[in-house]
Amino acid sequence: RPSIVWFRDDLRLADNPALRAAIDRGEPIIALYVLDEESPGIRALGGASRWWLHHSLVSLGERLRERGATLVLRRGPAERIVRELVTDASAGAVFWNRRYGGPERAIDAELKSGLREQGVEVASFAASLLFEPWTVTTGAGTHFSVFTPFWRACLALPSPRSPLPEPREVDGIRRSMASDALRDWDLLPRHPDWAAGLRETWEPGEPAARRRLRAFLEDDLATYDRARDEPAAGATSLLSPRLRWGEVSPYTVWHETVTAGHGGRFLSELGWREFAWHTLFHFPELATKNLRPEFDAFPWPPLEPAHLEAWQRGRTGVPLVDAGMRELWTTGYMHNRVRMVTASFLVKNLLIDWRRGEEWFWDTLVDADEANNPFNWQWVAGSGADAAPYFRIFNPELQAKKFDADGHYVREWAPESLGDDGPEPLVDLGETRTAALAAYEHVKRAA
Ligand code: FAD
C-alpha cells in the first residue's frame, strides 16, 4: 500500500522529513500538491504568490520526475482531496510537514484523526520552523510578546537538528494517478501580463534557492550587519520567497550560516520569522484583528480611495515611498527598511488602516507570508507584538538621507522625484504627523 507525501509550504526534496519518512517506509510514493481555495478560513493566495507557486511546482515536478516519481496536482478542499486520494490509491500512509496557521491546523488535525480511524498511518514533522510554537514558553508557561527574551529562550533550547540530505531516488507509484494540468489552475496572469518584472528578477524552485543561499553566504554575510539597512546595497539574502515556499529549509539556512560564521545578526532575522509564526499560532486572527485590543479605539478617518491608490502606485510625491512602492509593483519585492517606511507612511501620514496596506502587500509580494506580513504591519502600526511605539513615526526624508544617502535607490525606482522640479508630496508630513499623534490619544485612553 503506497505512501502519500502531501507537499504544502515545503516545495523541496532536501531536508524534507515527510518525504524521508515515505522513502524509509519502503512502499511506492505518491507526491501530492493540493490547491485549496475552498476550505473555511484558508486565505486566498495573492497574485504574486500564485505566480511563484506555479513556477515552483514546475520545478518540484521536474525534480521528482528525474528521481522516479510524479507530482499529482489536485484542486479542492484539502481534507476531501486527501481522503479521496487515499481511497483511490489504497494508500497505507500519509506524511506531511506541519503548518502553524489556525485553519490549516484544523484541517490537518481532522484529517489525522479521520485517517487513523481508517487504519491509515499518518505522521507529521517539524520542517518549516526551527522551534515549534509549543516548545518556547516563558517561565510562567505563557508565550512571549517581546522579541529579545523570546529569541534568548529559543537559543537556550537544543540547537536545531541537522538538515536531511536530498534523496537521490524517489520510488514513485507505477500506476498513473489522475492529476490536474498546472496551466488549468490559472496561477499566471494573462491579460494584462504584469509578471515581466517578476520573471526578470526571480528564479523560483529549489536549485535556485540553494544557489542563492550559497551566494549570499559567500558574498554578503560578512557585510550583512553593516549594509543590511541600505536598500541599494543588495546586502540581504533575498531568501524570503524561498523560505515562504519552503524551497530551502530554515534548518539548512541555519546550519550553513553557522558553518560560514559571523551569522548572529542574520540568524536573529530568522528569529523574527519564528517570532511572527509563533505569534500567529497563538493569535490566528493576526491579519484582521489588532493584537493589542486598545487599538480598536483608533479613530480611522473615512478612507480616501485616491490616497490609497496613490500609495499603491507609487505616486505620493514622497521619493523613498514612491521608489519602494514601485519596486514592489515591478519585482514583487521591497527592501525591509523601505517596507517599514512605506507602511509607516500609509498608517501614520495617510491615516489609512494597516489592514488595507497588509492586503496590498499580500497581493503583490512574492514572499507574502501568512505570519510575517500581518505581524510586521501590526509592528509598524503599533498594535502588534513587540511593536514600535505608535508615536515613533518614520520621517521618510530623514530615512532616505540616512539609508539612501547618495540616492541610488530612489534614482533607480523614482528618478523624477529627485531634483527641484519633483512632484509635491500628497500630504504635508508635519501636519499629518500631528494628526496621527492626536488620533493616537484615543488609543492611550482606551488602554
Ligand atoms: P534578510 O535580511 O536576508 O533576512 C533573512 C530572512 O529572515 C528573511 O528571508 C525572512 O524570512 C526573515 N526575516 C527578515 N526580517 C524579518 C522580519 N521583520 N519579520 C519576519 N521575518 C523576517 N517578510 C516575509 O517573509 N513575508 C512578508 O509578507 C513580509 N511582509 C512584511 C511587511 C512589512 C510592512 C514589513 C516592514 C516587513 C515584512 N517582511 C515580510 C519582513 C522583511 O521585510 C522581509 O522578510 C525581508 O525584507 C526579506 O528580504 P531578505 O530575504 O533579503 O531578508
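Note that the structure is predicted; figures quoted are calculated from it, not measured. (Residues numbered from 1 in each chain as written. Predicted model: local features only at pLDDT ≥ 70, side-chain atom pairs only at ≥ 80, totals over all residues.)

Asks: I tried to follow the UniProt feature "site: Electron transfer via tryptophanyl radical" (unreviewed entry) in the protein on my own but got confused; where do I start?
Replies: Here the UniProt feature "site: Electron transfer via tryptophanyl radical" (unreviewed entry) sits at Trp300, Trp354 and Trp377. In this fold, Trp300 is placed in the loop between α11 (264-282) and α12 (305-313). The class of Trp300 is partly exposed, set by 13 C-beta atoms lying within 10 Å. Setting aside chain neighbours within four positions, we find Trp300 in contact with Leu351 and Asp353. The residue Trp377 is located in helix α16 (residues 372-381) in this model. The class for Trp377 is buried, based on 26 C-beta atoms found within 10 Å. The contacts of Trp377, once residues within four sequence positions are left out, are Ala343, Trp354, Gly357 and Glu358. (UniProt positions renumbered as here; feature names shortened; annotations may be inferred. Helix = DSSP H or I, 4+ residues; strand = E, 2+ residues; numbered from the N terminus. Buried ≥ 20, exposed ≤ 12 C-beta atoms within 10 Å, placed from the backbone. Contact = placed C-beta atoms within 7 Å.)

Asks: Sorry if this is basic, but what is going on with the domain arrangement of the protein here?
Replies: Reports of interface size often rely on the accessible area that becomes lost once the parts have come together. For the protein, the assigned domains read domain 1 (3-128), domain 2 (129-161 + 206-282) and domain 3 (293-446). Every contact between the two is made by 15 residues of domain 2 and, on the other side, 16 residues of domain 3. At five residues, the largest contribution of residues to the side of domain 2 that touches domain 3 is made by α11. Among the residues making up the side of domain 2 that touches domain 3, the classes are represented as eight nonpolar, three polar and four charged. (Domains from an automatic or database assignment. Nonpolar A, V, L, I, M, F, W, Y, C, P; charged D, E, K, R; others polar.)

Asks: Help me understand the site of the ligand in this model?
Replies: Taken together, 27 residues sit near the ligand, with Thr236, Ser237, Asn336, Asn373 and Asn376 positioned nearest. Contributing elements (two or more residues each) for the shell around the ligand: α9 (240-244), α11, α14 (336-349) and α16. Its residues placed into classes, the shell around the ligand shows 13 nonpolar, seven polar and seven charged. (Near = placed C-beta within 6 Å.)

Asks: It is not clear to me how helix α3 (residues 78-89) should be interpreted in this structure. Could you clarify?
Replies: It helps to recall that an α-helix has 3.6 residues per turn; residues three or four apart then point in one direction. Between its first and last C-alpha, α3 extends 16 Å over 12 residues, near the 16 Å set by a 1.5 Å rise per residue. Of the positions making up α3, those classed as buried are Ala78, Ile81, Val82, Leu85 and Val86. For α3, the angular spread of buried residues about the axis comes to 135°, placing them on one side. Summarising the contacts, the buried residues of α3 are in contact with β1 (3-7), β2 (29-35), β3 (71-75), β4 (93-97) and α4 (102-117). A positive phi of about 50° marks Ser90, the residue just after α3. (Expected span 1.5 Å × (residues − 1). Arc of directions from axis to C-beta.)

Asks: What should I look at first to understand the packing of helix α15 (residues 354-364) against α16 in this one?
Replies: Any two packed helices are characterised by how steeply their axes cross, that is the angle between the axes, and by the distance between the axes. Their axes nearest at 10 Å, the elements α15 and α16 cross at an angle of 145°. Two packed elements cross with a definite hand, and for α15 against α16 that hand is right-handed. Taken together, the residues of α16 that come into contact with α15 (itself represented by Trp354, Gly357, Glu358, Phe361 and Trp362) are Asn373, Pro374, Trp377, Gln378 and Ala381. A per-class count over the contact of α15 with α16 returns six nonpolar, three polar and one charged. (Axes fitted to C-alpha atoms, helices over the stretch in contact; angles between N-to-C directions. Left-handed = near helix turned anticlockwise from the far one by under 90°.)

Asks: Please explain the sheet that holds β1 as it appears in this structure.
Replies: Either a parallel or an antiparallel arrangement is found when strands of a sheet pair, and the pairing is made through backbone hydrogen bonds. An order of β3-β2-β1-β4-β5 is seen for the five strands of this open sheet, with the pairing classed as parallel. The sheet terminates laterally at β3 and β5 (121-125), the two strands that pair on one side only. Here the strands of the sheet are splayed against their neighbours by 25° on average, with no regard to which way each runs. Relative to β2, β1 is paired through five bridges, and the arrangement is parallel. Across the sheet, the residue bridging to Ser3 is Ile29, located in β2. Across the sheet, helix α2 (residues 47-67) lies against β1, β2 and β3, angled at about 145° from β3, the strand it touches most. (Pairing = 2+ DSSP bridges.)

Asks: Which parts of the structure should I look at to understand the environment of Leu130?
Replies: Here Leu130 shows up in the loop between β5 and α5 (147-156). Taking the C-alpha atoms as reference, Leu130 lies 42 Å from Ala435; in sequence the two are 305 residues apart. Other than its neighbours up to four places away in sequence, Leu130 contacts Pro160, Pro250, Tyr251, Trp254 and Glu274.

Asks: Where do I start with the nonpolar core in this structure?
Replies: Here is a general trend for soluble globular proteins: nonpolar side chains tend to be buried in one another's company. By size, the foremost hydrophobic cluster in this structure holds 112 residues, and its most contacted members are Ile4, Val5, Ala31, Leu32, Val82 and Val94. Looking at which element gives the most residues to this core, the answer is α2, with seven residues. The contact partners of Val94, leaving out residues within four places of it in the chain, are Ile4, Trp6, Val82, Val86, Leu115, Val120 and Val122. (Core = buried A, V, L, I, M, F, W, Y, C linked by C-beta atoms within 7 Å.)

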